[in-house]
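These are the residues of each chain, in order.
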Amino acid sequence: MLLRSIRTAEHLRRRISASSVSAYLTSPSLLSRVSPTTESAPPSPNSRFYYSNPRNENRHTTASSSPVSSPWRISVRHMSRRRKAAKGSSAAAYSSAVDLAMDSVVKIFTVSTSPSYFLPWQNKSQRESMGSGFVISGRRIITNAHVVADHSFVLVRKHGSPIKHRAKVEAIGHECDLAVLVIDDSEVFWEGMNSLELGDIPLLREEVFVVGYPQGGDNISVTKGVVSRVEPTQYVHGATQLMAIQIDAAINPGNSGGPAIMGNRVAGVAFQNLAGGENIGYIIPTPVIKHFINGVEESGKYTGFCSMGVSCQPMENAQIRSIYQMSSEMTGVLISKINPLSDAHRILKKEDVILAFDGVPIGNDGTVPLRKKERITFDHMVSMKKPDETAMVKVLMEGKEHEFSITLRPLQPLVPVHLFDQLPSYYIFAGFVFVPLTQPYLHEYGEDWYNTCPADCASVKKVNGVEVDNLRHLCQLIENCDTENLKLDLDDGRVLALKYQDARLATSLILKRHRIASAMSSDLLIEQNNPATELAASCSAAVV
């Protein structure tokens, strides 16, 4: 549990300004200059042909006949036909993508307010942003989670209409950066709208068309690109590793949530780009989208992505394989760490070797086959499992093969990675602010938070000799204190001592002076008869 003085919090609010994250692709209300989009040309058909010297080709003649026709000239004719056919095919695909987009892709307007983790009893300034989305079956709209994160309200406008319709966020998954919206006044909005179908993972070098409303204009935009690679990628918004598709189409702020169309189906959802890269964008592939949608349909809410809870080391070195008694036919990865909250913790142990997952052999580099001549880390297979679904794992233990059934489920980190769409918890007592340790709080100090975090921030280990479990437990220990003095043991060895009754009296005065409505966040307010509730009520009354 973190402890910090109110004076330090207000000083930090004035000293530190909010920083922008370039990989978040919601379009700001103030337009910035954007370099012109450069469409990448399709692969040249000329690369399939090899030219011979035409001067040498015409030497072979007969006395009674004209010179032999030049194969080079024939190749030029064939190349010209192929080039025209390729242009015609590309033009047809572009036209098809535009036709689909007109009645399916929408522009999303979001007003959002993020909480202040330095001053958790108040919010930061309200901001406006824009993004894209598209219609799927069931009269729903798919977009990115970061487009509607911390939203106050959301408006949607379809192409060719001046009317903005109020939308509601039905489900949101921040790990996979996806959200589902529904429209309130449905009949008016859905007139003339068509839904898009989800397709398969595109092959390498296949063309896709990214449709959306990027910054630089108000109308719909279509850009073309080809698939460069398919592999697990860091999702910036959710700080997770999931499958993503890299394309060379320009994905700019405002494109977020728009579809990448291949043929007449959706190949993915645009969601981020590579900062400093030139035309390097990423789309969320359909397996991740389908997993998100299926979870929402089955449970009515976002269910998350599963993890086995193990950290593994590659076994590409022949010596390490011999140490763990692996035969020449065996391949796998070495377990280096196991999450104690996972089901694998009761079955597996450190330095076991995972040989196969659901019957699929795992390579020494930790990959499994994806498609012809393509491989992907076996974590992708784990993440595509439904919560509480089991998987058969073949393991090498002390030179002997075993097969176990392990239950998979989403695992939450000890220190939360993100806290979108919720207010932070806090507790104020005698001028000290207690908050849970979270990454959003640490990031308020900047990327170099380890060095910039002030010295008066510390974790509370004990209250009057009792070890603290969480913020709620700390709140209960302080509110139910029946001794004259209150003693707090910090993790750095320091001890804080307070006269309990004097500290309680000072709390109400401090809240009034700093115009803080309550001594604790709403999630810590428990039964009405609890002293904590009485204190919060009296403090609120004092402010009024």
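Here, the structure is the one placed above.
Below is a summary of the structure that appears in this document. Everything quoted here is computed from the prediction, not taken from an experiment.

Applying the stated rule across the entire model yields 17 salt bridges. Taking the shortest distance from any N to any O, the salt bridge between D218 and R157 comes out at 3.2 Å. Highlighted residues: D218 in the loop between β9 (207-212) and β10 (221-235) and R157 in strand β6 (residues 151-158), separated in sequence by 61 residues. In this structure R157 comes out as buried when scored by relative accessible area, which is 13%. Across the pair K386 and E298 runs a salt bridge, and its minimum N-O distance is 3.1 Å.

Among the structural elements, N364 can be located in the loop between β18 (360-361) and β19 (367-371). Side-chain polar atoms of N364 contact the backbone nitrogen of G332, separated by 3.1 Å. If near-sequence neighbours (up to four positions away) are discounted, N364 is found in contact with P314, M315, E316, R321, M326, M330, T331, G332 and V333.

A complete count under the given rule lists 12 aromatic pairs for this structure. Here the aromatic rings of F118 and Y441 are separated by 6.1 Å at their centres, their planes lie at 85°, and the arrangement is edge-to-face. With a gap of 323 residues between them, F118 in the loop between β3 (105-112) and β4 (127-136) and Y441 in helix α9 (residues 439-443) connect regions that are remote in the sequence. Among the residues examined, F118 registers a relative accessible area of 4% and is labelled buried. Y441 sits in the buried class, given a relative accessible area of 2%. Considering the side-chain rings of F357 and F378, the 6.4 Å spacing of their centres and the 50° angle between planes classify their relative orientation as tilted. Linking F357 in strand β17 (residues 353-357) with F378 in the loop between β20 (374-377) and α8 (379-383), this pair joins segments that are 21 residues apart in sequence. Here the two residues F357 and F378 agree in accessibility, since each one is buried. Lying over the aromatic face of F109, K164 brings its terminal NZ or CZ to 4.0 Å of the ring centre.

A separate point is the nonpolar core. Counting residues in hydrophobic clusters, the biggest one holds 69 residues, and the most contacted among them are I142, I247, F292, M308, L348 and F357. Residues in contact with F292, not counting those within four places in the same chain, are I142, A171, I172, G173, C176, L178, A179, V180 and Y302. Core analysis: the next-biggest nonpolar cluster, separate from the first, contains 22 residues, V463, L471, L477 and A503 among them.

Take the environment of P287 next. Checked against the element boundaries, P287 lands in helix α6 (residues 286-299). Spatially, the C-alpha atoms of P287 and A267 are 9.7 Å apart, while their sequence positions differ by 20 residues. Aside from chain neighbours lying at most four places away, what touches P287 is I201 and M384.

Within the fold, D343 resides in the loop between β16 (333-338) and β17. On the accessibility criterion, D343 (10% relative accessible area) is buried. A polar contact of 2.5 Å, which involves the side chain of D343, links it to the side chain of R346. With residues up to four places along the chain from it excluded, the contact list for D343 reads S405, I406, T407 and R409.

Along the chain, E467 falls in strand β26 (residues 466-467). With residues near it in sequence (within four places) discarded, E467 still touches K461, K462 and H473.

Across the 9 residues that make up helix α11 (residues 471-479), a large majority, 7, are buried. Listed as buried for α11 are L471, H473, L474, C475, L477, I478 and E479. Structurally, the start of α11 carries an N-cap: the backbone nitrogen of R472 is 3.2 Å from a side-chain oxygen of N470.

For the rest of this paragraph, the subject is the sheet that holds strand β13 (residues 265-273). Taken together, the 6 strands give a closed barrel; going around it, the order is β9-β10-β11-β14-β13-β12, and neighbouring strands pair in antiparallel fashion. Taken pair by pair, the neighbouring strands of this sheet meet at an average axis angle of 50°, ignoring direction. Here 2 bridges tie β9 to strand β12 (residues 259-262), and the two strands are oriented antiparallel to one another. Considered in β12, the bridge of F209 is made with I261. Taken strand by strand, α6 contacts β10, β11 (240-247), β13 and β14 (281-285), and its axis lies near 45° from that of β14.

Cut-offs and rules
- Residues numbered from 1 in each chain as written.
- Predicted model: local features only at pLDDT ≥ 70, side-chain atom pairs only at ≥ 80, totals over all residues.
- Heavy atoms only, no water.
- Salt bridge = Lys/Arg side-chain N within 4 Å of Asp/Glu carboxyl O.
- Helix = DSSP H or I, 4+ residues; strand = E, 2+ residues; numbered from the N terminus.
- Buried < 20%, exposed > 50% of the residue type's maximum accessible area, 1.4 Å probe, protein only.
- Polar contact = N/O pair within 3.5 Å; in protein donor to acceptor, adjacent residues only side chain to side chain.
- Contact = heavy atoms within 4.5 Å.
- Phe/Tyr/Trp six-rings, centres within 6.5 Å; stacked < 30°, edge-to-face > 60°.
- Lys NZ or Arg CZ within 6 Å of the ring centre and 35° of its normal.
- Core = buried A, V, L, I, M, F, W, Y, C linked by side-chain atoms within 4.5 Å.
- Pairing = 2+ DSSP bridges.
- Axes fitted to C-alpha atoms, helices over the stretch in contact; angles between N-to-C directions.

Just geometry here; none of it tells us what the structure is for.
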